[in-house]
Amino acid sequence: MVQKLTAIFQDRFGYFFGENSSLLGSESQMNAIQRLEEMDKAVASLSSQPASVIDKKFGVHGGHRSNSNLLEVKPLAANEGDPDFKHMAGDVKKSFHVFAATPPHTASTVLTNWIMGIFEPEEYYSFMVNTKGRPVLQNGVEIPISKTIVTKTHYLDLLALYKRFRKEF
């Protein structure tokens, strides 16, 4: 599943990252798989908790029932790795931002965590609140949007988001 999503993503947005970019390579895919597996465990551990209990790293909340079969993936071959791979969140300055803008209750948390697994696998989930000022919260604390690569929001006016934040990226 992750490999197929990554291939589709690379086909659609590969021009942006460059044809020879290792950004969407096997190491990123493995990071995405690991993050989704960890998210699945968090969902399972919260299944008996009320919806008000939230795992801040993955942005999932209690009350969901998990069958612990979120992923069925084949391991990547060892020779598909790129030894020169560097994450965008590391010492390379980013020049883009990913807004995962979706209506509520569309399972977009899975998509957002997959994207985070590619670009910033160790970071906490960030969410732009749909209120005036559009604050971004990460680990329960308001942060500047420039501190993240991926931000989930239910605010769907993408043109307004672009106009407001384009200077920061």
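Relevant structure appears above.
Here goes a summary of the coordinates provided. (Residues numbered from 1 in each chain as written. Predicted model: local features only at pLDDT ≥ 70, side-chain atom pairs only at ≥ 80, totals over all residues. Heavy atoms only, no water.)

What follows deals with the overall build of the chain. Along the backbone of the chain there are four helices and seven strands. Along the chain, helices (α) and strands (β) appear in the sequence α-α-β-β-β-α-β-β-β-β-α when read from the amino end. Burial status across the chain gives 39% buried among its 169 residues. Considering only residue pairs separated by 6 or more positions, the chain has 64% of its internal contacts joining residues 24 or more positions apart. As displayed, the chain has an accessible area near 10,100 Å², and 53% of this comes from carbon and sulfur atoms. (Helix = DSSP H or I, 4+ residues; strand = E, 2+ residues; numbered from the N terminus. Buried < 20%, exposed > 50% of the residue type's maximum accessible area, 1.4 Å probe, protein only. Contact = heavy atoms within 4.5 Å. Areas by Shrake-Rupley, 256 points an atom, 1.4 Å probe, with all protein chains shown as cover.)

Strand pairs in the sheet, formed through backbone hydrogen bonds, run parallel or antiparallel to each other. Taken in spatial order, the five strands make up an open sheet running E3-E7-E4-E5-E6, and their pairing is mixed. Two strands in the sheet have a free side with no partner beyond their single neighbour: strand E3 (98–101) and strand E6 (141–143). This sheet shows a mean twist of 35° between the axes of neighbouring strands, independent of strand direction. Inspection of the sheet shows E3 paired to strand E7 (residues 150–153) by four bridges, in the parallel sense. Bridge pairing links Val98 to Val150 in E7. Sheet contacts for helix H3 (residues 108–119): E3 and E7; angle to E7, the most-contacted strand, approximately 170°. (Pairing = 2+ DSSP bridges. Axes fitted to C-alpha atoms, helices over the stretch in contact; angles between N-to-C directions.)

Here we take up H3. Taking 1.5 Å as the rise per residue, H3 with twelve residues should run 16 Å; its terminal C-alpha atoms sit 17 Å apart, in good agreement. Along H3, the positions that sit buried rather than exposed are Ser108, Thr109, Thr112, Asn113, Trp114, Ile115, Met116, Gly117, Ile118 and Phe119. (Expected span 1.5 Å × (residues − 1).)

With respect to the helices and strands, Val110 occurs in helix H3. Remark: the alpha-carbon pair of Val110 and Arg35, spanning 75 residues in sequence, is separated by 9.8 Å.

Bringing the packing of aromatic side chains into the picture now. As enumerated under the stated definition, the model contains one aromatic pair in all. Considering the side-chain rings of Phe99 and Phe165, the 5.8 Å spacing of their centres and the 40° angle between planes classify their relative orientation as tilted. Of the two residues, Phe99 sits in strand E3 while Phe165 sits in helix H4 (residues 158–165), which places them 66 residues apart along the sequence. Stacked on the ring of Tyr155, the Lys or Arg Arg134 has its end atom at 3.5 Å from the ring centre. (Phe/Tyr/Trp six-rings, centres within 6.5 Å; stacked < 30°, edge-to-face > 60°. Lys NZ or Arg CZ within 6 Å of the ring centre and 35° of its normal.)

Let us now look at the side chain of Lys152. Secondary-structure assignment places Lys152 in strand E7. Among buried Asp, Glu, Lys and Arg side chains, Lys152 stands out as unpaired, with Asp55 the closest opposite charge at 13 Å. Engagement of the side chain of Lys152 in a polar contact is seen with the side chain of Thr109, the distance being 3.1 Å. When neighbours within four sequence positions are excluded, Lys152 is seen to be in contact with Ala100, Thr102, Ser108, Thr109, Thr112, Tyr125, Ser126, Phe127 and Met128. (Lys, Arg positive; Asp, Glu negative; His and termini not counted. Salt bridge = Lys/Arg side-chain N within 4 Å of Asp/Glu carboxyl O. Polar contact = N/O pair within 3.5 Å; in protein donor to acceptor, adjacent residues only side chain to side chain.)

Moving on, we come to the side chain of Thr151. Looking at where Thr151 falls in the secondary structure, it is placed in strand E7. For Thr151, the residues in contact, after removing those within four places along its chain, are His97, Val98, Phe99, Ala100, Ser126, Phe127, Met128, Val136 and Ile145.

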